[in-house]
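So you can see what is in the structure, the chains are spelled out below.
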Amino acid sequence: MSDLVEPRTADITYETAEPVLYEAEGPIAWVTMNRPTFNNAQNSQMTYALDDAFKRAVDDDAVKVIILRGAGKHFSAGHDIGTPGRDVNKTFDRRLMWSDHTNKPAAEMLYTREHEVYLGMCRRWRDLPKPTIALVQGACVAGGLMLAWVCDFIVATDDAFFQDPVVRMGIPGVEYFAHAFELPPRVAKEFLMMGERMSAVRAEQYGMVNKVVTRDELEAAGRAMAEKLAQYPRLGLWLSKQAINHVEDLRGKRTAMDAHYHMHHFAHAQNDLTTGNTLGGQDARSMAAANKKQAGEA
């Protein structure tokens, strides 16, 4: 007897066939998340398009630095939990050695999917052999943090903010759990357990952000940093990146993420058992409204 289920299906409407744009400018590859209508919420369509773009940049020997940015008002509102393009139940050509998730029962479905599209992909991108720079404007929320944190450098606008409010769902932080490596432990607890917005200026004080600029200066600041990096030897940059990533891993970054990933999915399963919904009954609208209310916005 099989323990598989009928593959799940969903009614999906994508607003664009190009959720990620790619442009090579000399030694710089510009990778742009292109779902501004939904504040660059990350669905699987975007995830796999990002992977394609990063691979294209890695394969191009003329490219020495990769810049990740988001089109529109915000860098990223996080995981897609409420747009017509939400594609949790869609099968994609997987890039890592995980099986398809759509025919897996109960908690195994999300556990399998998120090993690939969130934790696995972020680790894959973190280890790219070329320097990466995130240009962050406006909101960098929940899953958006993961997209910025995998980059080697973060340049943010003075109106940018960072936030992981998923404790409101009963979930202890997003899948790529770098919180206590990006921030001091007590600040990380505040950031995660209070779920409040952290300004770019405060994030810079803790070393989570390299530089704060105005919106008008953001692109130029990213280009200037990339051009400076591009002057150095390719192998030297790669080895330097590996050395520092190795130090993080010696401090337990990878094993901490492995442990947290199971806590994350225990929380999903608990939500499903108690509320019938893996997100604890929350959706994009309710989360956005609560975040705005907490921030004192109308």
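Structure: see above.
Below, the structure is looked at part by part. (Residues numbered from 1 in each chain as written. Predicted model: local features only at pLDDT ≥ 70, side-chain atom pairs only at ≥ 80, totals over all residues. Heavy atoms only, no water.)

### Considerations on helix 2 (residues 106-126)
The end-to-end C-alpha distance of helix 2 is 30 Å, a good match for the 30 Å that 21 residues give at a rise of 1.5 Å each. Helix geometry: helix 2 is bent most strongly at His-115, by close to 45°. Most of helix 2 sits out of view: 16 of its 21 residues are buried. (Helix = DSSP H or I, 4+ residues; strand = E, 2+ residues; numbered from the N terminus. Expected span 1.5 Å × (residues − 1). Bend = angle between axes of the 7 residues up to and from the residue. Buried < 20%, exposed > 50% of the residue type's maximum accessible area, 1.4 Å probe, protein only.)

### Some points on helix 1 (residues 44-59)
When the terminal C-alpha atoms of helix 1 are compared, their 22 Å separation across 16 residues agrees well with the 22 Å that a helix rising 1.5 Å per residue should span. Of the positions making up helix 1, those classed as buried are Ser-44, Gln-45, Met-46, Thr-47, Tyr-48, Ala-49, Leu-50, Asp-51, Ala-53, Phe-54 and Ala-57. In this structure, the buried residues of helix 1 make contact with strand 1 (20-25), strand 2 (28-33), strand 3 (65-70), helix 2 and helix 3 (143-149). (Contact = heavy atoms within 4.5 Å.)

### Description of the pairing of strand 4 (residues 132-136)
Counting buried positions along strand 4 gives five out of five residues, so the element sits mostly inside the fold. Burial along strand 4 is two-sided: the face carrying Thr-132, Ala-134 and Val-136 and the face carrying Ile-133 and Leu-135 are both buried. Relative to strand 6 (residues 153-157), strand 4 is paired through four bridges, and the arrangement is parallel. Looking across to strand 6, one finds that Leu-135 is bridged to Val-155. (Pairing = 2+ DSSP bridges.)

### Here's the deal with the packing of aromatic side chains
Following the criterion strictly, the structure yields three aromatic pairs and no others. In this structure, Arg-197 packs its charged tip against the face of Phe-161, placed 4.0 Å from the ring centre. (Phe/Tyr/Trp six-rings, centres within 6.5 Å; stacked < 30°, edge-to-face > 60°. Lys NZ or Arg CZ within 6 Å of the ring centre and 35° of its normal.)

### A few points about empty space enclosed by the protein
Here the structure, examined in full by the defined rule, presents two cavities of 30 Å³ or more. In this model, the largest cavity occupies a volume close to 80 Å³. Every residue along the wall of the largest cavity is listed here: Ser-44, Tyr-48, Lys-90, Phe-92, Arg-94, Ser-99, Asp-100, His-101, Thr-112, Arg-113, Glu-116 and Val-117. Of all elements in the fold, only helix 1 and helix 2 reach the threshold of two or more residues within the lining of the largest cavity. With four residues, helix 2 is the single largest residue contributor to the lining of the largest cavity. Tallied by class, the residues present in the lining of the largest cavity amount to three nonpolar, four polar and five charged. As a volume, the second largest cavity reaches approximately 50 Å³. Taken together, Arg-123, Arg-126, Tyr-176, Asp-249, Lys-253, Arg-254 and Met-257 form the lining of the second largest cavity. Considering every element that reaches the lining of the second largest cavity, the biggest residue donor is helix 9 (residues 253-275), with three residues. Partitioned by chemical class, the residues of the lining of the second largest cavity number two nonpolar, no polar and five charged. (1 Å grid on protein atoms, 1.4 Å probe; cavity = no way out; pocket = protein on both sides within 12 Å on 5 of 7 lines; lining within 4 Å. Points joined across faces, edges and corners; volume = space filled by probe spheres on them. Nonpolar A, V, L, I, M, F, W, Y, C, P; charged D, E, K, R; others polar.)

### Some details on the sheet that holds strand 7 (residues 161-163)
Taken in spatial order, the three strands make up an open sheet running 5-7-8, and their pairing is mixed. Each of the sheet's edge strands pairs with one partner strand only, and the pair in question is strand 5 (139-141) and strand 8 (198-199).

### What about the layout of surface pockets?
One number sums up the size of the largest pocket: a volume of about 1200 Å³. Every element with two or more residues in the lining of the largest pocket is listed here: helix 2, strand 5, strand 7, helix 9 and helix 10 (284-294). A per-element tally of the lining of the largest pocket places helix 2 first, with seven residues. By volume, the second largest pocket is sized at about 520 Å³. Around the second largest pocket, the lining comprises 23 residues; the ones closest to its centre are Cys-151, Asp-152, Phe-153, Ile-244 and Asn-245.

### Overview of the packing of helix 1 against helix 2
Between helix 1 and helix 2, the shortest axis-to-axis distance is 11 Å and the interhelical angle comes to 30°. The angle between helix 1 and helix 2 places the two elements in the roughly parallel class. Between helix 1 and helix 2 lies a crossing whose hand is left-handed. Across the interface between the two elements, Ser-44, Thr-47, Tyr-48, Leu-50, Asp-51 and Phe-54 from helix 1 touch Arg-113, Glu-116, Val-117, Met-121, Arg-124 and Trp-125 from helix 2. Per-class residue counts for the contact of helix 1 with helix 2 are six nonpolar, two polar and four charged. (Axes fitted to C-alpha atoms, helices over the stretch in contact; angles between N-to-C directions. Parallel < 35°, antiparallel > 145°, perpendicular 65-115°, else oblique. Left-handed = near helix turned anticlockwise from the far one by under 90°.)

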